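# Breakdown of the fold
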Amino acid sequence: KTASAVAKIHPEIWPKQASPFAQDENLEQRVNALVNNMSLEEKVGQTIQADIASVTPDQVREYHLGSILNGGNSAPGDDNRTTPAAWVALADEFWLASTDKRDGRIGIPALWGTDAVHGHNNLIGATLFPHNIGLGATANAALLKDIGEAIALEVLSTGVAWTFAPTVAVPQDDRWGRTYEGFSENPELVSKLGKAMIVGLQGEGTKFLDNNHVIATAKHFMGDGGTINGVDQGDAIVSEAELREIHGYPYFQALDACAQTVMASFNSINGSKMHGDKRLLTGILKDQMQFDGFVVGDWNGH
């Protein structure tokens with residue numbers, strides 16, 4: 001296999017699935033009205049996500065930032081042992097700053113995302129579950145759903161509404177340093193457990209994204225588990241069939257479970273950087289898989 005295979009990816013031959021969401025014309029009109037009334041600065045700000053260690057609520061207001069995150073070493077007040085109350089207080093500050101409509105601002109609430117990948121692991125006292133490699137060994141979808149529900153409640157208890165989970169990578173080389181983030185090397189099992197975790201985190205039916213659930217993220221789209229020699233952020237030299245039937249496979253179920261966000265992957269596919277590949281992010285993810293949420297970049301992956 002060589003990187004020349006990049007020319008052989010054809011989004012139009014990938015399975016096309018319907019979005020699980022019915023089009024809401026009133027909502028579409030509301031969104032269009034908001035976008036049409038935004039200044040250029042507001043549009044740019046909405047595409048930026050800043051770490052809480054590097055941004056203040058006042059700066060979120062000033063620059064119209066669309067989202068914030070706490071990285072692995074970030075916590076309110078730079079105190080990794082702080083209380084849930086301190087998290088809630090900071091979340092309130094960011095929300096109030098982002099929704100400030102003075103001076104003609106649009107005032108769209110900023111989303112706070114966190115890496116609650118096996119429990120709300122940045123929070124002292126939170127419940128920690130096994131990493132995905134351990135959960136995958138159970139092959140128990142009902143258990144994964146229960147764990148997702150528990151994580152959602154603990155994330156919400158800190159005022160955060162979005163987690164960058166679950167990882168639905170399909171590791172193919174155990175030398176990859178992030179193999180533990182995959183449920184299995186079997187794409188069908190990864191698909192089954194990933195969907196269960198998403199349903200647990202976000203809820204379903206009348207409970208979908210209610211006050212007991214959070215926004216989930218299917219990641220990392222795609223091929224992160226298939227890089228040559230398991231090199232992290234490396235190049236996955238794969239045929240289109242392998243890409244679709246192994247690394248892309250779990251995303252069909254993830255999106256069917258209504259995953260609201262998808263995270264782009266650091267790796268390349270046949271020499272093409274995932275973050276900049278329109279055929280993969282738009283042609284496959286948006287057009288064929290009919291993903292109508294938003295794509296979030298990995299840490300400075302752009």
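Quick note: structure is the one above.
Description of the structure in this document.

About the criteria used
- Residues numbered from 1 in each chain as written.
- Predicted model: local features only at pLDDT ≥ 70, side-chain atom pairs only at ≥ 80, totals over all residues.
- Heavy atoms only, no water.
- Phe/Tyr/Trp six-rings, centres within 6.5 Å; stacked < 30°, edge-to-face > 60°.
- Helix = DSSP H or I, 4+ residues; strand = E, 2+ residues; numbered from the N terminus.
- Buried < 20%, exposed > 50% of the residue type's maximum accessible area, 1.4 Å probe, protein only.
- Contact = heavy atoms within 4.5 Å.
- Pairing = 2+ DSSP bridges.
- Axes fitted to C-alpha atoms, helices over the stretch in contact; angles between N-to-C directions.
- Core = buried A, V, L, I, M, F, W, Y, C linked by side-chain atoms within 4.5 Å.
- Patch = residues over 30% accessible without salt bridge, like charges linked within 9 Å, V, L, I, M, F, W, Y side chains within 5 Å.
- Areas by Shrake-Rupley, 256 points an atom, 1.4 Å probe, with all protein chains shown as cover.
- Salt bridge = Lys/Arg side-chain N within 4 Å of Asp/Glu carboxyl O.
- Left-handed = near helix turned anticlockwise from the far one by under 90°.
- Nonpolar A, V, L, I, M, F, W, Y, C, P; charged D, E, K, R; others polar.

### Quick notes on the packing of aromatic side chains
- Counted by the stated rule, this structure contains six aromatic pairs.
- With 5.6 Å between their ring centres and 50 degrees between their planes, Phe21 and Phe208 make a pair best called tilted. Placement of Phe21 in the segment before helix 1 (25-36) and of Phe208 in the loop between helix 7 (187-202) and strand 5 (217-221) is noted, with a sequence separation of 187 residues between them.
- With relative accessibility at 31%, the residue Phe21 sits in the partly exposed group.
- Since its relative accessible area comes to 24%, Phe208 is described here as partly exposed.

### As for the environment of Tyr180
- Relative to the helices and strands, Tyr180 is located in the loop between strand 4 (162-163) and helix 7.
- Take Tyr180: its relative accessible area is 35%, and that puts it in the partly exposed class.
- Along the backbone, Tyr180 and Asn26 are 154 residues apart, and their C-alpha atoms lie at a distance of 43 Å.
- Among all residues touching Tyr180, those that are not within four sequence positions of it are His131, Asn132 and Ile133.

### What about the sheet that holds strand 1 (residues 49-51)?
- Spatial ordering of the open sheet is given by 1-2-3-4, a layout of four strands whose pairing is parallel. Lying at the two open borders of the sheet, with one neighbouring strand each, are strand 1 and strand 4.
- The sheet contact formed by strand 1 and strand 2 (residues 67-70) spans three bridges and is parallel. When the sheet's bridge partners are listed, Ala50 is paired in strand 2 with Ile68.
- Set on the sheet, helix 4 (residues 84-98) makes contact with strand 2 and strand 3 (111-114); between it and strand 3 the angle comes to about 145 degrees.

### Quick notes on the nonpolar core
- Grouped together as the largest cluster of nonpolar side chains are 61 residues, with contacts concentrated most on Trp112, Phe221 and Met289.
- Taken together, the elements giving at least two residues each to this core come down to helix 4, helix 6 (141-156), helix 7, strand 5, helix 9 (249-256), strand 7 (261-264) and helix 10 (278-288).
- Setting aside its immediate chain neighbours within four residues, Met289 contacts Trp14, Gln17, Phe221, Gly248, Tyr251, Phe252, Leu255 and Ile284.
- The next biggest cluster of nonpolar side chains, apart from the first, holds six residues, and it includes Leu69, Phe164, Ile215 and Met263.

### Let's talk about the sheet that holds strand 7
- What the three strands build is an open sheet, ordered 5-7-10; its pairing is parallel. Of all the strands in the sheet, the pair left with one neighbour each is strand 5 and strand 10 (294-296). Across this sheet, the average inter-strand angle for adjacent strands is 30 degrees, counted without regard to direction.
- Two strands pair when backbone bridges link them, and strand 5 and strand 7 are joined in this way by four bridges, in the parallel orientation. Within strand 7, the residue paired with Thr217 across the bridge is Thr261.
- Sitting on the sheet, helix 9 touches strand 5 and strand 7, and the angle it makes with strand 5 is about 160 degrees.

### So, a nonpolar patch on the surface
- Together, Leu27, Val31 and Val35 make up a nonpolar patch on the protein surface, roughly 210 Å² of accessible area in all.
- Looking at where Val31 falls in the secondary structure, it is placed in helix 1.
- The exposure class assigned to Val31 is partly exposed, which follows from its relative accessible area of 38%.

### Thoughts on the packing of helix 6 against helix 7
- At a minimum axis separation of 7 Å, helix 6 and helix 7 run at an interaxial angle of 35 degrees. Crossing geometry of helix 6 relative to helix 7 is assigned as right-handed. In contact with Ala141, Leu144, Lys145, Ile147, Gly148, Glu149, Ile151 and Ala152 of helix 6, helix 7 contributes Lys192, Leu193, Ala196, Met197, Val199, Gly200 and Leu201.
- For the contact of helix 6 with helix 7, the per-class residue count stands at ten nonpolar, two polar and three charged.

### Description of unusual backbone geometry
- Note the cis peptide between Lys219 and His220, where omega equals -5 degrees.
- Tracing the backbone shows His220 in strand 5.
- Residue Phe221 is joined to Met222 through a cis peptide bond whose omega torsion reads -15 degrees.
- For Met222, the location among the structural elements is in the loop between strand 5 and strand 6 (235-236).
- Of note in this structure, Leu209 is not a glycine but carries a positive phi near 50 degrees.
- Tracing the backbone shows Leu209 in the loop between helix 7 and strand 5.

So far we have only geometry, and geometry alone does not tell us how the molecule works.
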